[in-house]
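The primary structure of each chain is shown beneath.
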Number of protein chains: 2
Amino acid sequence: MPIKTRSTRIRVSGTRTASSARAAARKTTKGAAGKAAEKTVSQKMPKKGEERLRIVPLGGLEEIGRNMNYFEYEDEIVIVDMGFQFPEEETPGIDYIIPNIASLEPVKDKIRAVIITHGHLDHIGAIPYLLGRLGNPPLYTLKLTKVLIERRQAEFPNAPKPNIIEVKYGEKKNVGRYFDLEFFGVEHTIPDSMGVILKTPVGNIVHFGDFKLDRDREGNIYQFDEVQRVGRMGVHTFMMDSTNALEEGHNMPEYVVEENIEELLKNAKGRVLITTFSSMLTRIAEFIKMAEKQGRKVAINGRSMRENVDAAKALGYIKFKEGTLIPVQEFNKYKDDKLMLLSTGAQGESNAGLTRIVNGEHRYVQLKKGDTVIFSSSIVPGNERSVQILTDNMARQGAIIHNVKIVDIHSSGHARAGDLKLTIETLKPKYVMPVHGYYYFRFAAGKLAEETGLPEENVKMMDNGQIALLTKDSFEVTKEFVPANYVMVDGLGIGDVEEVVLRDRRMLATDGMIVLIVTLDRRTGRVLKNPDIISRGFIYLRDNQELLRDIRHKVRGIVGRIPKHQSLDADYLKSLFRDQIGQFLFHKTHRRPMVLPVVIEI
Amino acid sequence: MPIKTRSTRIRVSGTRTASSARAAARKTTKGAAGKAAEKTVSQKMPKKGEERLRIVPLGGLEEIGRNMNYFEYEDEIVIVDMGFQFPEEETPGIDYIIPNIASLEPVKDKIRAVIITHGHLDHIGAIPYLLGRLGNPPLYTLKLTKVLIERRQAEFPNAPKPNIIEVKYGEKKNVGRYFDLEFFGVEHTIPDSMGVILKTPVGNIVHFGDFKLDRDREGNIYQFDEVQRVGRMGVHTFMMDSTNALEEGHNMPEYVVEENIEELLKNAKGRVLITTFSSMLTRIAEFIKMAEKQGRKVAINGRSMRENVDAAKALGYIKFKEGTLIPVQEFNKYKDDKLMLLSTGAQGESNAGLTRIVNGEHRYVQLKKGDTVIFSSSIVPGNERSVQILTDNMARQGAIIHNVKIVDIHSSGHARAGDLKLTIETLKPKYVMPVHGYYYFRFAAGKLAEETGLPEENVKMMDNGQIALLTKDSFEVTKEFVPANYVMVDGLGIGDVEEVVLRDRRMLATDGMIVLIVTLDRRTGRVLKNPDIISRGFIYLRDNQELLRDIRHKVRGIVGRIPKHQSLDADYLKSLFRDQIGQFLFHKTHRRPMVLPVVIEI
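Everything numeric in this text was worked out from a predicted model, so none of it was measured.

Definitions and cut-offs
Residues numbered from 1 in each chain as written. Chains lettered and ligands numbered in written order. Predicted model: local features only at pLDDT ≥ 70, side-chain atom pairs only at ≥ 80, totals over all residues. Heavy atoms only, no water. Axes fitted to C-alpha atoms, helices over the stretch in contact; angles between N-to-C directions. Helix = DSSP H or I, 4+ residues; strand = E, 2+ residues; numbered from the N terminus. Parallel < 35°, antiparallel > 145°, perpendicular 65-115°, else oblique. Left-handed = near helix turned anticlockwise from the far one by under 90°. Contact = heavy atoms within 4.5 Å. Expected span 1.5 Å × (residues − 1). Buried < 20%, exposed > 50% of the residue type's maximum accessible area, 1.4 Å probe, protein only. Polar contact = N/O pair within 3.5 Å; in protein donor to acceptor, adjacent residues only side chain to side chain. Least-squares fit on C-alpha atoms with pLDDT ≥ 70 in both. Buried area = accessible area lost by both parts, 1.4 Å probe. Salt bridge = Lys/Arg side-chain N within 4 Å of Asp/Glu carboxyl O. Nonpolar A, V, L, I, M, F, W, Y, C, P; charged D, E, K, R; others polar. Pairing = 2+ DSSP bridges.

Colleague: Just give me the short version of the packing of helix α6 (residues 143-153) of chain B against helix α10 (residues 303-314) of chain B, but keep the residues and values in it.
Modeller: All names here are of chain B. For the pair α6 and α10, the least separation of the axes is 10 Å and the interaxial angle reads 140°. The angle between α6 and α10 falls in the class oblique. By crossing handedness, the relation of α6 to α10 is classed as right-handed. In this structure, α6 uses Leu144, Val147, Leu148 and Arg151 to contact α10, whose residues at the interface are Glu307, Asn308, Ala311 and Ala312.

See the structure below:
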């Protein structure tokens with residue numbers, strides 16, 4: 001649901017709340033968006049000498065996805081991440097939801113750097129849509145992320161060639177008078193994930209991107225020295241990934257996940273089919289390693305996964321012997337117990353690799369009795385039903401299925417409560433600003449910070465679009481907002497699908513519609529021919545001839561009751577049709593189709 | 001997704017599969033449904049003397065919900081349950097999905113009894129829609145279920161007054177020459193849940209309805225003597241609730257759930273708001289008991305919950321002191337720590353009690369800082385988003401929230417794997433027929449039966465509509481099917497929403513539609529006036545005047561290119577508009593709205 005509708009749900013009397021402020025900000029979105037935003041911005045710009053840093057989150061604070069924050073000091077702006085969000089139930093037909101950059105476009109000349117923390121779509125997905133509109137500023141990121149961004153950008157013919165400055169862990173970059181950057185490594189589910197220290201005149205702002213802590217068999221945490229090093233540098237504000245703040249304890253170590261999967265593989269007598277997100281490159285690398293251990297050949301099914309593996313291999317992030325990877329065309333040339341297939345489609349997506357195999361629509365691979373299928377991914381809410389259908393169909397064909405429910409083979413890429421606390425204790429920040437997640441997730445993350453001893457007032461809960469002003473010793477969350485409502489991508493259109501179109505889609509989906517075409521004689525006001533009726537999604541009219549007759553009769557009745565001397569007003573007539581036919585249909589069916597009258601006068 | 005679409009996903013070459021048989025059965029549904037079904041039925045009717053019992057599951061085997069099975073021996077039929085199912089993502093706008101009774105209607109005179117195991121909607125929900133069409137046969141059920149059925153039936157003015165025969169645990173009923181019934185108690189989440197033994201000429205068919213095993217502090221299982229007694233009577237076929245077959249171990253005992261909630265209540269300094277399903281009467285009774293312990297008054301918010309509590313109280317299933325229950329209007333008259341509110345809306349439903357409180361739309365109760373909110377229910381898949389919105393809004397208002405994720409306060413009403421195995425071991429059935437759940441759930445349930453030592457061939461996997469023939473020593477799952485596809489309730493219509501209407505709704509929801517009204521001069525073939533264009537859910541036309549102009553231009557062009565000498569064919573013209581305008585719009589927008597042309601010739 002777009003923010004418009006959602007925010008109306010909140011009503012706290014008395015003070016001007018986040019939502020009402022957001023509502024005010026929202027009004028500025030359509031048409032005059034740029035200008036209005038500029039005004040908001042300049043009003044609140046710190047005057048020279050005031051030395052205030054502005055933090056503005058544009059997305060990722062009231063949803064999972066479309067992560068984007070920017071930082072402004074005097075005439076310099078630095079952006080962290082440009083992700084998109086997948087559509088929701090309330091945004092039918094939409095492809096993606098991207099951050100609103102209305103407040104940045106008028107000041108795009110100030111942008112000194114865009115830092116991309118890693119290559120997942122909720123961090124890079126909006127780049128092709130936004131980069132050009134922001135004057136193609138330089139992107140700072142690591143090698144794999146660079147390749148993924150470039151490849152994606154090439155699919156958008158009108159998007160500019162990105163100007164990417166490849167950086168390394170530990171590297172420092174100066175990107176203006178007020179911003180020095182330093183990058184550090186974090187553990188996540190894709191190689192080349194990083195965090196960034198923004199060294200500003202008010203202090204170090206540390207953004208970890210997405211991260212978790214992963215332990216080895218001795219309990220040592222990988223790259224924890226990096227966390228300690230960042231902590232020693234002094235942290236003004238820690239922008240903290242809150243995705244898993246509600247999950248207690250620590251993440252299951254990757255080596256345990258690996259062992260569980262290895263155990264499953266050992267017991268698999270036939271072929272092994274594994275499905276996961278194509279972006280889970282760290283996990284995919286593990287699967288290939290284990291296949292080699294068991295002497296299995298590996299075929300990769302699904303374009304996105306194949307491309308990601310190619311990229312990671314070219315950069316040396318995935319290593320395997322010559323001959324381990326085979327084309328999916330050759331999958332049937334080997335013995336069953338010498339085969340592993342890695343496939344997209346873990347969410348039951350209708351066109352994805354695994355679905356085509358299970359439905360018997362795949363050219364080279366068919367499911368067969370004795371196949372072991374491993375789902376190494378959790379189900380994204382909303383996909384339960386399609387995954388259930390897929391699972392049922394696999395079980396019917398005799399596959400042995402393992403999923404997260406049965407064996408824990410998916411470990412999330414986001415730090416859980418215990419590790420978030422450990423990170424806060426190590427960084428010792430003055431302020432914690434929870435990012436990445438719904439309010440409740442971030443609220444829980446904030447509570448964790450308090451449990452480490454941080455005063456409640458130093459936990460900074462913000463909303464998308466809200467402006468914070470920071471000095472060396474303060475972090476003020478203002479009541480000012482820049483536009484941050486959903487910008488929807490639908491086909492070639494960006495931002496042209498507004499709430500009114502979505503509302504219509506939802507209405508049409510519920511009860512369908514009926515079009516009444518009434519041709520009138522302009523002079524006599526009489527209905528000239530039998531009204532045409534078109535209906536879709538309401539009722540199958542061919543089976544309901546009687547209703548059709550009744551509607552026509554009703555239409556003639558409405559026209560007939562208009563006094564002869566009264567001149568015809570098409571708009572008035574239409575409103576009569578809408579109301580009275582609508583009521584009539586509700587009475588007859590208890591449904592409320594959209595009634596669309598057309599009056600043609602001749 | 002209705003079975004039509006779903007079953008096309010399965011393709012197993014060679015044998016005639018369940019799905020293809022189902023496809024064949026499906027063809028008989030529309031119009032001639034009754035007749036065709038009758039034919040299927042009579043073809044497969046066992047001849048006299050063959051002594052075969054037919055089991056036909058009409059629902060609940062490929063979904064969660066619309067549970068209904070019938071049993072036929074010669075000229076006698078007994079039905080167990082008549083539930084409905086809540087709509088799915090793929091059935092937009094639908095109210096409920098009910099079982100297809102096409103195979104029963106022509107033989108309704110044979111129906112001797114309908115047994116209703118308990119009062120949940122997935123077991124009683126379809127009664128008002130089906131009872132009249134089946135000749136109002138007698139219902140056998142327990143007291144509370146009787147009241148719930150009667151009250152619901154009264155809300156349907158055209159439904160017949162049900163003829164309910166109230167039975168007790170342990171009671172026996174003879175309902176025909178071939179069917180003796182015996183009822184026994186089971187543990188579930190609503191009082192008066194029962195199982196039934198159908199004593200037939202081939203042996204005892206035992207249906208447990210929904211059940212779980214619940215343990216006291218000493219580990220003794222409540223009502224387990226009943227399970228043992230049923231086992232001693234000899235079980236031919238055990239029809240087994242598979243809902244929780246994928247969950248390992250035992251259910252968390254209710255006393256632990258109670259303790260956890262009591263602990264939460266003890267720590268609550270202010271008001272306590274608890275939300276759960278209004279049908280979870282056992283749990284609701286516990287909450288009221290605990291409120292009394294702590295000296296809290298209880299208000300009930302939500303009509304369905306209030307009515308259920310009234311019914312249960314009148315029957316003595318919920319006991320509390322005079323004055324414990326207060327009207328919700330008086331909620332603000334007491335001190336915060338003396339208050340408990342029980343509310344509907346655990347799924348974030350837009351009009352439910354809790355949502356209205358959280359949104360500030362409730363007349364008497366507003367959320368405030370320090371309120372403790374307890375979600376004592378799991379989230380039904382598909383409701384994640386609305387529950388998230390609700391939770392976020394509560395957290396914003398300072399509520400302290402507890403849900404299943406944080407503390408285990410919801411214990412499912414369905415036996416988990418360990419208890420299913422224990423039940424099988426105790427009953428020692430010849431055959432196990434898993435019911436209630438998706439194929440994969442039932443498949444897992446079947447595997448559990450095998451683990452107890454039952455031969456694989458004695459686990460009977462069936463599909464909705466499939467016919468099984470039983471003798472004393474055999475259980476044959478035939479390849480014959482009766483119609484069992486979805487029957488959809490939408491407003492007043494039952495079964496009138498077909499796949500074509502749903503497909504249109506899904507299309508309209510994705511890309512909307514555009515209506516082109518083209519008025520032509522019949523003689524000259526010229527376009528008489530500027531084509532009218534109506535569009536909804538596609539693009540906001542007011543902001544896209546240029547596209548509108550282009551479409552009109554295109555329409556004129558299409559008409560203009562038809563040679564003068566060619567006579568106008570409206571259907572041909574319409575197909576030209578559909579194709580060419582559709583292509584044009586896709587080219588311009590990458591969206592595929594439904595194009596609906598209207599040609600008016602004058």
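Colleague: Pulling in residues and values, what's your account of helix α15 (residues 499-511) of chain A?
Modeller: In an α-helix, one turn spans 3.6 residues; hence positions three or four apart end up facing the same way. All names here are of chain A. For α15, with 13 residues, the first-to-last C-alpha span of 19 Å sits near the 18 Å given by 1.5 Å per residue. Within the span of α15, buried status applies to Glu499, Val501, Leu502, Asp504, Arg505, Leu508, Ala509 and Asp511. Positive backbone phi, at 70°, marks Gly512, one or two positions downstream of α15.

Colleague: Just give me the short version of the environment of Thr145(A), but keep the residues and values in it.
Modeller: Residue and element names in this part refer to chain A. Along the chain, Thr145 turns up in helix α6 (residues 143-153). The sequence separation of Thr145 and Asn403 amounts to 258 residues, and the corresponding C-alpha distance is 29 Å. Ignoring sequence-local partners within four residues, the contact set of Thr145 consists of Ile116, His118, Gly119, Ile124 and Asp192. At a separation of 3.5 Å, a polar atom in the side chain of Thr145 contacts the main-chain carbonyl oxygen of Asp192.

Colleague: Give me the lowdown on the relation of the copies chain A and chain B, citing residues and values where you can.
Modeller: For the pair chain A and chain B, the superposition axis carries a translation of 0.1 Å, the fit reaches an RMSD of 0.1 Å, and the rotation angle comes to 180°. What we have between these two chains is a two-fold relation. A symmetric contact is evident, with 100% of the interface residues of chain A recurring at the interface of chain B.

Colleague: Go over the interface of chain A and chain B with me, naming the residues and quoting the values.
Modeller: Listed by partner, the interface residues are 86 residues for chain A and 86 residues for chain B. Of the roughly 7300 Å² buried between chain A and chain B on both sides combined, carbon and sulfur atoms contribute 57%. At the boundary of chain A with chain B, the tally comes to twelve salt bridges. In this structure, the salt-bridge partner of Asp463(A) is Arg396(B), at a minimum N-O distance of 2.8 Å. Joining chain A to chain B, the criterion identifies 20 residue pairs in polar contact (both at pLDDT 80 or more). Residue composition of the side of chain A that touches chain B, by class: 37 nonpolar, 19 polar and 30 charged.

Colleague: Can you lay out the sheet that holds strand β7 (residues 164-166) of chain A for me, pointing to particular residues and giving the numbers?
Modeller: Residues and elements named next belong to chain A. Here eight strands make up an open sheet; going across it, the order is β7-β6-β5-β3-β2-β1-β20-β21 and the pairing mixed. On the outer flanks of this sheet lie β7 and β21 (474-481), each paired with one strand and no other. Taken over all neighbouring pairs, the strand axes of this sheet differ in orientation by 25° on average, direction set aside. Pairing of strand β2 (residues 68-73) with strand β3 (residues 76-80) involves five bridges; the strand directions are antiparallel.

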